[in-house]
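Breakdown of the fold
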Amino acid sequence: MEQIVDLDHAAVEVAERRTDWERRGLAVGHVTWRDEAAPWPQRLETDRSSVTEPDSIGILITGPGDARLSVVLFRGGWADIDFIATIDDAGTLPTPDIDSARAFGDLLDRCVARVFGSQGSGRQSTP
């Protein structure tokens, strides 16, 4: 798979938001890595150094009332996003093509705000 997004830089985008999300009462799981070079079935790893050829990262964020957001970013520039905001508001979120780690960070901000409301929104943007 062609690399469009640097997954190491994308993981930094998660790390930069983690403290703010946790301060807002959200539980943020470890970033998971999938290694394209690993034999099938590929395990999800939390230790980046054990992955030689990363092809995706994932993050699970949970909040009040069993709200959940699961985001998996693939190095090819797309993401799978599943969420449960309430019992009546759950599903997948559409994603544009992602061409950079920064674009992934912006996507995370929008998704967290969508699922958890303003109390879960990410870091403040600077103009």
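Owing to the predicted nature of the structure, the values given are computational and were not obtained by experimental measurement.

**A word on the overall build of the protein**
Looking only at helices and strands, the protein has two helices and seven strands in total. Sequence-ordered secondary structure for the protein, helices as α and strands as β, is α-β-β-β-β-β-β-β-α. A globule of 127 residues ought to have a C-alpha radius of gyration of about 14 Å, and the protein, at 14 Å, matches this closely. By its C-alpha atoms, the protein is 40 × 35 × 25 Å across when sized along the principal axes. In the protein, which comprises 127 residues, the proportion classed as buried is 39%. Partitioning the contacts of the protein with sequence separation of at least 6, the portion at a separation of at least 24 is 50%. Summed over its atoms, the accessible surface of the protein is roughly 7,000 Å², and 52% of this surface lies on carbon and sulfur atoms.

**Description of the pairing of strand β4 (residues 54–62)**
The element β4 is largely enclosed, with a buried count of seven among its nine residues. Taken together, the two bridges between strand β1 (residues 27–28) and β4 define a ladder with antiparallel strand orientation. Following the sheet pairing, Ala27 is matched in β4 by Thr62.

**Overview of the environment of Ser50**
Relative to the helices and strands, Ser50 resides in the loop between β3 (44–45) and β4. Its relative accessible area of 37% is what places Ser50 among the partly exposed residues. Along the sequence, Ser50 and Arg34 sit 16 residues apart, while their C-alpha atoms lie 9.8 Å from each other. Among the polar contacts made by the side chain of Ser50, one reaches the main-chain carbonyl oxygen of Asp47 at a distance of 2.7 Å.

**Concerning the confidence of the model for the protein**
In the predicted model, the protein carries a mean pLDDT of 92, and the fraction of residues at 70 or more is 92%. Predicted confidence for residues 120–127 stays below pLDDT 50, and this span has 20 contacts to residues more than four positions away or in other chains.

**Things to note about the nonpolar core**
Core analysis: the biggest nonpolar cluster contains 32 residues, and Ile61, Leu69, Leu73 and Phe104 have the highest contact counts within it. Sorting the residues of this core by element identifies α1 (7–23), β4, β5 (68–74), β6 (78–86) and α2 (101–116) as the ones contributing at least two each. In this structure Leu69 touches Ile59, Leu60, Ile61, Ile81, Asp82, Phe83, Cys111, Val112, Val115 and Phe116, once residues within four positions along its chain are discounted.

**A closer look at the packing of aromatic side chains**
Tallying each qualifying case throughout the model produces one aromatic pair. A ring pair is formed by Phe74 and Trp78, whose centres lie 5.3 Å apart and whose planes are at 20°; its orientation type is stacked. Taking relative accessible area as the criterion, Trp78 reaches 37% and is therefore assigned partly exposed. The ring of Trp33 is capped by Arg48, whose NZ or CZ atom sits 5.0 Å from the centre of that ring.

**Quick word on α2**
Over its 16 residues, α2 runs 22 Å from end to end, which matches the ideal 22 Å to within 8%, given 1.5 Å per residue. Among all positions in α2, only Ala101, Phe104, Gly105, Leu107, Leu108, Asp109, Cys111, Val112, Val115 and Phe116 are buried. Of the surrounding elements, those touching the buried residues of α2 are α1, β4, β5 and β6. Two residues or fewer after α2 comes Gly117, characterised by a positive phi angle close to 80°.

What counts as what
- Residues numbered from 1 in each chain as written.
- Predicted model: local features only at pLDDT ≥ 70, side-chain atom pairs only at ≥ 80, totals over all residues.
- Heavy atoms only, no water.
- Helix = DSSP H or I, 4+ residues; strand = E, 2+ residues; numbered from the N terminus.
- Rg over C-alpha atoms; globule rule 2.2 N^0.38 Å.
- Buried < 20%, exposed > 50% of the residue type's maximum accessible area, 1.4 Å probe, protein only.
- Contact = heavy atoms within 4.5 Å.
- Areas by Shrake-Rupley, 256 points an atom, 1.4 Å probe, with all protein chains shown as cover.
- Pairing = 2+ DSSP bridges.
- Polar contact = N/O pair within 3.5 Å; in protein donor to acceptor, adjacent residues only side chain to side chain.
- pLDDT = per-residue confidence, 0-100.
- Core = buried A, V, L, I, M, F, W, Y, C linked by side-chain atoms within 4.5 Å.
- Phe/Tyr/Trp six-rings, centres within 6.5 Å; stacked < 30°, edge-to-face > 60°.
- Lys NZ or Arg CZ within 6 Å of the ring centre and 35° of its normal.
- Expected span 1.5 Å × (residues − 1).

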